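This is what each chain is made of:
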Amino acid sequence: CTSSTSCVGFQGVILKLEDKLQPYRQTGVLYSTTSPFNFTGPLAPLQSGYYNASANAMVLGLQFFAGAPEDEVNTAVQTALDAAVELTSGDFKVFVTGRTAARLAGTAEAGKLIGMTDGIGTCFIVVFFAWQVGSWRLALIPVVNTIICLVLCLGLIYPLSSSKAIILPSYVPNVCLFLSIALSVDYSFFHLSRFQEVRVQGKDLVGACEEMVRTAGRVVLVSGVVLLFTWLALAAFPVFGTNTLGYCSSIAIFVCITVNLIMNPAMVLLFPGFFEKSAIDACRCCKRRRASPEREEPLMDSTSGPVKMNCYGKVASYIVRAPGMYIVPIVIYALLLPCAIRIFTADLVVGGTAGGTADTDEATTAILADFPGSNSGVPLTVMLSGDVGAVKGQDFFAAGCSLAKAVRAKTGIDAGSFRGVMLQGATNEGEVNCLQWSDAEASLQQAGLYDWAWGQSVNSGNSSTLLTVTPPFDAFSDKAKGLVDQAREAVDEFSKLNTGFAAVSYHPMSIEVDAEELTAGRFVWVVVGTVIVVFAVIAARYRAALIPIKLFFTIALPIIAVEGMSVYVFQDGILNWTGIPSLQSSGGLVWINPVATTFMLIGFALDYDIFLFSRIYSDRKSGAFLDDEAAIVNAVAATGPVITTAGVIMCLSFSGMIVQHTNPFLSQLGFTMIFGILVDTFVVRTLLVPAFLSMAGRFNWWPGSMPSKEGSEQPRAVQMTEGGGQLVA
């Protein structure tokens, strides 16, 4: 109540809210509603626990049936959220909090921001795409492909969700949306940039399409398969929808590969008259490009002829020769190493995957401040069991007292926060005060509070009872992780000393604690298995056994360093000065974030690596270049603008994640992906890969071989431009 003079009318607000939820009460989805108005007569003293000290705030508990279908519970909670907005008027502000409410409200708010960002970002992507491929007409193709991919992905994923074949967390559709947009545009760009490059060399529309499918199509297929395997590896972690993310993202990748391999050449050939008129320069009406003398000057000579390069080639020409090939990796590794070390000392926090809004956060904070005994309605629960009827006996009461003291000693929580039929508050020394069975038996003879509490916490067979502990912090914060471990230690110690009784503890955060433990046990093995599979695919495709070693040195440390940078941002707060909500310190990384992003970054790193290496492989295999240095420089120059554009497009596609800040997991995932893609685009592909390929020399192709100067009777000259190479003699 916001009024400073009159706060009457609480009951009217509660009755209206209960009326809105009545249909769910009738179906059993809503198990109970608890407010001060539930307690009358002998139970009237319990009302005070539902008002704050100044009597201007009241808490209402909503309990939903655990066995109800998740979608029905979500609908009921959403009804409560909508009712809260409707009932907020005049002197009353109504909030609904709790994990489900926070997730639903956060998803709705994040969806609006993500949708707006994707809409604006898509416009920039289309303009950027048209500028890079040199044609506004060709820019229509990725737009059509993206729409088809999104429709097909939704058509394949949602039937699986509705049939309960998979559980679809709220963040998974968002990730699949970003992935579909990014890959649809990137794969179209790989195809059409090659299409335009061949057209510059003088081929007609059909010939350009054939060359596009033969070269770029193969690259897209190989890189797509590798990407599919790396994202599918997430299916090995059945925690918080990570396995669903693996399945759904693999579907999205497969759809993007298939659509682009079919639609890119099909649309060009289906409308030859329209695309025949597509320009080589999208800005030809605004300016006339003139090649500068500097760009026409050969950067390096080889028996293959002069190689004429852009800025990417200039940089590569220095890296492929000593001492550049040695100095560059050393400098880059030295810069990345501090970040790589930081990830191994990170604080991984639980929670963060559900999200929330300012309203749900305010409600949680207010409840913890005004109603510390509620703990948002989710206490730690410990169940003590014995033989039938054992609860009604001194031995059971003594065992329950011992258990409560063990939990108290491990958790350090105030004794007044413990509730149970064998407890009666705290002693003067602040320890758990235990009740004797004889006193409890006398209290049961009277219809009062104790009799009501007995019915709430003891089962019908009098064989088990519940102890509840209300910690003074958010039930879903990272502090609850320690509470779970401490409670389990206390139960284990109790069980060793009291073999005649069984005790177990439960808290909702137990699920996250167990999930983290399961994931940690599988993580290394899944990474190793994934790397072996994808490296084997790449080695088999290019018939070069040592390629995996080069790939390891160019992706392992950069990916670990990217993860470490996320620790600097979200734990150490090095970007707090920006004031950007999604980039503020949140106490540490959400524990599932490094797991998910590791496989994602491996996939994207290999994706761009394959695109560059395939160009080198093609040029060397065809004999267009008879030495590795010239082929590497040419490939870096030819693919540099393409990879840069693809990387920028990918970053724009994932930008929606960091625009929203209601879901910490998405914010951290978005930053890690964007930063990782930028590092891979501008550092790894431009600097590290050329250096390691140059150092490897002929071992790049072992056990195979490539045409060499010694094996060539007559050198062939290759005239190179920004776009690539053309055999002229």
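Residues numbered from 1 in each chain as written. Predicted model: local features only at pLDDT ≥ 70, side-chain atom pairs only at ≥ 80, totals over all residues. Heavy atoms only, no water.

A short note on the overall build of the protein chain
Along the backbone of the protein chain there are 21 helices and 12 strands. Each principal axis of the C-alpha atoms in the protein chain carries an extent, and together these give about 110 × 55 × 45 Å. Contacts spanning at least 24 positions in sequence make up 77% of the contacts within the protein chain whose residues lie at least 6 apart. Looking at the protein chain as shown, the accessible area adds up to about 32100 Å², and 61% of this sits on carbon and sulfur atoms. A distance of 12 Å separates the average location of the 45 positive side-chain charges in the protein chain from that of its 56 negative side-chain charges. (Helix = DSSP H or I, 4+ residues; strand = E, 2+ residues; numbered from the N terminus. Contact = heavy atoms within 4.5 Å. Areas by Shrake-Rupley, 256 points an atom, 1.4 Å probe, with all protein chains shown as cover. Lys, Arg positive; Asp, Glu negative; His and termini not counted. Charge placed at Lys NZ, Arg CZ, Asp CG, Glu CD.)

Quick word on the pattern of salt bridges
Applying the stated criterion to the full structure yields 17 salt bridges. We note a salt bridge from Arg342 to Asp572, for which the minimum N-O separation is 2.9 Å. Linking Arg342 in helix 11 (residues 324-342) with Asp572 in the loop between helix 18 (547-570) and strand 10 (589-590), this pair joins segments that are 230 residues apart in sequence. Judged by relative accessible area, Arg342 falls into the buried class, the value being 13%. Owing to a relative accessible area of 37%, Asp572 belongs among the partly exposed residues under this scheme. Shared partners join several salt bridges into a network, and the residues in it are Arg194, Glu197, Lys203, Glu211, Arg214, Arg615 and Asp619. (Salt bridge = Lys/Arg side-chain N within 4 Å of Asp/Glu carboxyl O. Buried < 20%, exposed > 50% of the residue type's maximum accessible area, 1.4 Å probe, protein only.)

Thoughts on the sheet that holds strand 4 (residues 380-385)
What links the strands of a sheet is backbone hydrogen bonding, and the strands pair in either a parallel or an antiparallel sense. Spatial ordering of the open sheet is given by 5-8-4-9, a layout of 4 strands whose pairing is antiparallel. Taken across any chain shown, the strands that pair with only one partner, and hence form the sheet edges, are strand 5 (418-419) and strand 9 (502-506). Of the pairings in the sheet, the one linking strand 4 to strand 8 (residues 464-469) comprises 6 bridges and is antiparallel in character. Its bridge partner being in strand 8, Ser385 is matched across the sheet by Ser464. (Pairing = 2+ DSSP bridges.)

Examining unusual backbone geometry
Going from Ala322 to Pro323, the amide bond is cis rather than trans, its omega being 5°. Topologically, Pro323 is positioned in the loop between helix 10 (311-319) and helix 11. The step from Trp702 to Pro703 runs through a cis peptide bond, and the omega angle for that step is 10°. Its location among the elements puts Pro703 in the loop between helix 21 (664-696) and strand 11 (718-720). In the Ramachandran plot, Lys164 falls in the positive-phi region, its phi being about 70° despite a non-glycine side chain. Residue position: Lys164 is located in the loop between helix 4 (140-162) and helix 5 (171-200). Its relative accessible area of 57% is what places Lys164 among the exposed residues. Of note, Arg543 is a non-glycine position whose phi angle comes to about 50°, a positive value.

As for helix 4
Turn by turn, an α-helix covers 3.6 residues, leaving residues three or four places apart pointing in a common direction. Its 23 residues give helix 4 an end-to-end C-alpha distance of 33 Å, which sits within 8% of 33 Å, the value for a rise of 1.5 Å per residue. Looking only at helix 4, the buried set comprises Ile141, Pro142, Asn145, Thr146, Cys149, Cys153, Ile157 and Ser161. Each element contacted by the buried residues of helix 4 is listed here: helix 3 (99-133), helix 5, helix 7 (242-270) and helix 8 (272-276). In the stretch just after helix 4, Lys164 is the one whose phi turns positive, near 70°. (Expected span 1.5 Å × (residues − 1).)

What to know about the pairing of strand 8
In this structure, strand 5 lies alongside strand 8, joined through 2 bridges in antiparallel fashion. Of the residues in strand 8, the one forming a bridge with Phe418 is Val469.

Focus: the packing of helix 6 (residues 205-232) against helix 19 (residues 592-622)
Where helix 6 contacts helix 19, the axes come no closer than 8 Å and their chain directions differ by 165°. One element, helix 6, and the other, helix 19, form an angle in the roughly antiparallel class. By crossing handedness, the relation of helix 6 to helix 19 is classed as right-handed. Of the residues in helix 19, those touching helix 6 at Val219, Val222, Ser223, Val226, Leu227, Thr230 and Trp231 are Phe599, Met600, Ile602, Gly603, Phe604, Leu606, Asp607, Ile610, Phe611 and Ser614. Residue classes in the contact of helix 6 with helix 19 are distributed as 12 nonpolar, 4 polar and 1 charged. (Axes fitted to C-alpha atoms, helices over the stretch in contact; angles between N-to-C directions. Parallel < 35°, antiparallel > 145°, perpendicular 65-115°, else oblique. Left-handed = near helix turned anticlockwise from the far one by under 90°. Nonpolar A, V, L, I, M, F, W, Y, C, P; charged D, E, K, R; others polar.)

Observations regarding the environment of Thr79
Residue position: Thr79 is located in helix 2 (residues 70-87). A C-alpha to C-alpha distance of 7.4 Å links Thr79 and Lys20, two positions 59 residues apart in sequence. When sequence neighbours within four positions are dropped, the list of residues in contact with Thr79 reads Lys20, Leu21 and Tyr24.

Quick word on the packing of aromatic side chains
According to the stated counting rule, one finds 26 aromatic pairs in the structure shown. Here Tyr333 and Phe692 contribute two aromatic rings whose centre-to-centre distance is 6.3 Å and whose plane-to-plane angle is 40°, an arrangement assigned as tilted. With Tyr333 in helix 11 and Phe692 in helix 21, this residue pair connects regions lying 359 residues apart in the sequence. Accessibility expressed as a relative area gives 23% for Tyr333, which makes it partly exposed. The interplanar angle of 85° and the centroid separation of 5.2 Å between the aromatic rings of Tyr542 and Phe613 together place this pair among those described as edge-to-face. One end of the pair, Tyr542, is in helix 17 (residues 509-542); the other, Phe613, is in helix 19, and 71 residues separate them in sequence. With respect to class, Tyr542 is no different from Phe613; both count as buried. Looking at Arg342, its charged tip hangs above the ring of Tyr568, at a distance of 5.9 Å from the centre. Across from the ring centre of Phe699, 4.5 Å away, lies the NZ or CZ of Arg698, which sits over that ring. (Phe/Tyr/Trp six-rings, centres within 6.5 Å; stacked < 30°, edge-to-face > 60°. Lys NZ or Arg CZ within 6 Å of the ring centre and 35° of its normal.)

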